[in-house]
Amino acid sequence: MYYTNKETFVLSADGCMDTERGGLESILAGNDEGAKGCCFSVAMSADGIAVLSSDGCAAAPDGTRLPVSDYSYAELHQAAPQLTPVSQAIELARTCQGKIAITVHDQTMLRQLRMTLRYADCLDDTIIIGLGLVEAARVASANLHIMGELPNLPSEIDALVNAAQTTGLFGLRAEPKDLSERLVSACRQAGLFTMSRCTDDPNTLAELIRKGVNFIETRRPDITAA
């Protein structure tokens with residue numbers, strides 16, 4: 001699906017509309033409320049299977065939190081049957097015909113994600129978030145749309161945007177308050193995309209839309225639809 005950095009897509013956050021985090025219901029709920037895509041976080045099991053996890057853990061029925069990276073997928077599935085492989089989430093998001101934003105906590109997950117996304121024909125419609133600027137720049141040529149995370153609004157916007165463009169980043173992600181009109185405009189002129197971290201405030205959402213931020217994450221996609 002072709003799109004440009006002059007467009008805006010509202011993405012449903014993990015757990016949107018009061019659904020449980022780390023599950024497929026959140027993707028469906030966001031789609032039903034008019035979101036044009038979804039966000040979810042992944043973790044990797046000890047034997048290299050990517051699963052949905054908002055905090056790197058799997059929740060057992062008794063409330064025990066199991067670090068995903070410490071167990072095989074079979075062990076995790078036995079202890080936490082509701083655990084969802086990322087391939088199922090990607091397939092559901094593809095069925096909804098929306099964009100996908102996947103949070104990763106380190107670059108070791110990228111190889112498998114790239115293979116899974118290519119198999120599902122979702123590479124062009126998926127962005128990878130969660131990596132700091134330096135780490136994101138190191139892997140920007142991995143045939144994935146990788147965004148660098150801004151810790152705050154930089155004083156040298158032009159230098160930042162130039163560096164992001166030169167290293168091959170897809171764009172920049174930041175807190176809503178740090179996505180100034182100047183930063184959004186500079187990114188647009190450089191061919192970069194912008195994304196806001198999650199917000200549910202109606203005024204903030206309206207302001208992000210007005211500025212032309214490309215990807216807006218929210219737990220309340222119904223507000224933006226209204």
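Here the structure is a predicted model, which means the values were calculated and not measured.

Draft legend 1. Main features of the packing of aromatic side chains. Considering all chains together, one arrives at six aromatic pairs under this definition. Seen from their ring centres, Tyr-3 and Phe-215 are 6.5 Å apart, and the 85 degrees between their planes marks the pair as edge-to-face. With Tyr-3 in the segment before β1 (9-12) and Phe-215 in strand β11 (residues 215-218), the pair connects residues that are 212 residues apart, well separated along the chain. Both residues of the pair, Tyr-3 and Phe-215, count as buried. Plain terms: the ring middles of Phe-170 and Phe-193 are 4.4 Å apart, the flat faces sit at 10 degrees to each other, and that makes the pair stacked. Remark: Phe-193 occurs in strand β10 (residues 193-196) and Phe-170 occurs in the loop between α6 (157-167) and β9 (171-174); sequence separation between them is 23 residues. Both residues of the pair, Phe-170 and Phe-193, count as buried. Joined through ring pairs, the aromatic side chains of Tyr-3, Phe-9, Phe-170, Phe-193 and Phe-215 make up one cluster. A cation over an aromatic ring shows up here: Lys-99 above the ring of Phe-9, its NZ or CZ 5.1 Å from the ring centre.

Draft legend 2. Layout of the environment of Lys-99. With respect to the helices and strands, Lys-99 occurs in strand β6 (residues 99-103). Looking at Lys-99, the relative accessible area reads 3%, which means it is buried. Spatially, the C-alpha atoms of Lys-99 and Ala-35 are 9.3 Å apart, while their sequence positions differ by 64 residues. Of note is the side chain of Lys-99, whose polar atom sits 2.7 Å from the side chain of Asp-125.

Draft legend 3. Structural context of helix α1 (residues 24-32). Listed in full, the buried residues belonging to α1 are Ser-26, Ile-27, Ala-29 and Gly-30. Buried residues of α1 fall within an arc of 165 degrees about the axis and therefore sit on the same side. Residues of α1 that are exposed and angled more than 90 degrees away from the buried face: Glu-25 and Asp-32. Here the buried face of α1 lies against β1, β2 (37-44), α3 (86-95) and α9 (221-225). Directly after α1, the chain includes Gly-34, whose backbone phi takes a positive value near 100 degrees.

Draft legend 4. Broad picture of the layout of surface pockets. Here the largest pocket is characterised by a volume of approximately 270 Å³. Around the largest pocket sit 17 residues that line it, and Glu-20, Arg-21, Gly-22, Gly-23 and Gln-82 are the ones nearest its centre. Mapped by element, the contributors of at least two residues to the lining of the largest pocket are α1 and β4 (57-59). At three residues, the largest contribution of residues to the lining of the largest pocket is made by β4. Across the lining of the largest pocket, the residue classes tally to six nonpolar, six polar and five charged. Computed from the structure, the second largest pocket encloses a volume of approximately 170 Å³. Around the second largest pocket sit Ala-13, Asp-14, Arg-21, Cys-39, Phe-40, Ser-41, Ser-54, Thr-103, Arg-173, Cys-198, Glu-217 and Arg-219, which together line it. Sort the elements by how many residues they give to the lining of the second largest pocket and β2 lands first, with three residues.

Draft legend 5. Local environment of the pairing of β6. Burial analysis of β6 places five of its five residues in the buried class, which makes it a mostly covered element. Going residue by residue along β6, you find Lys-99, Ala-101 and Thr-103 tucked away on one face and Ile-100 and Ile-102 tucked away on the opposite face as well. Where β2 and β6 come together, five bridges link them in parallel fashion. Across the sheet, Phe-40 pairs through a bridge with Ile-102, a residue of β6.

Draft legend 6. Representation of the pairing of strand β8 (residues 145-149). Counting buried residues in β8 gives four out of five residues, a clear majority hidden from the surface. Where strand β7 (residues 126-132) meets β8, four bridges bridge the pair, whose relative direction is parallel. Its bridge partner being in β8, Ile-127 is matched across the sheet by His-145. Here β8 runs beside β9; their pairing, made up of three bridges, is parallel.

Rules and cut-offs
- Residues numbered from 1 in each chain as written.
- Predicted model: local features only at pLDDT ≥ 70, side-chain atom pairs only at ≥ 80, totals over all residues.
- Heavy atoms only, no water.
- Phe/Tyr/Trp six-rings, centres within 6.5 Å; stacked < 30°, edge-to-face > 60°.
- Helix = DSSP H or I, 4+ residues; strand = E, 2+ residues; numbered from the N terminus.
- Buried < 20%, exposed > 50% of the residue type's maximum accessible area, 1.4 Å probe, protein only.
- Lys NZ or Arg CZ within 6 Å of the ring centre and 35° of its normal.
- Polar contact = N/O pair within 3.5 Å; in protein donor to acceptor, adjacent residues only side chain to side chain.
- Arc of directions from axis to C-beta.
- Contact = heavy atoms within 4.5 Å.
- 1 Å grid on protein atoms, 1.4 Å probe; cavity = no way out; pocket = protein on both sides within 12 Å on 5 of 7 lines; lining within 4 Å.
- Points joined across faces, edges and corners; volume = space filled by probe spheres on them.
- Nonpolar A, V, L, I, M, F, W, Y, C, P; charged D, E, K, R; others polar.
- Pairing = 2+ DSSP bridges.

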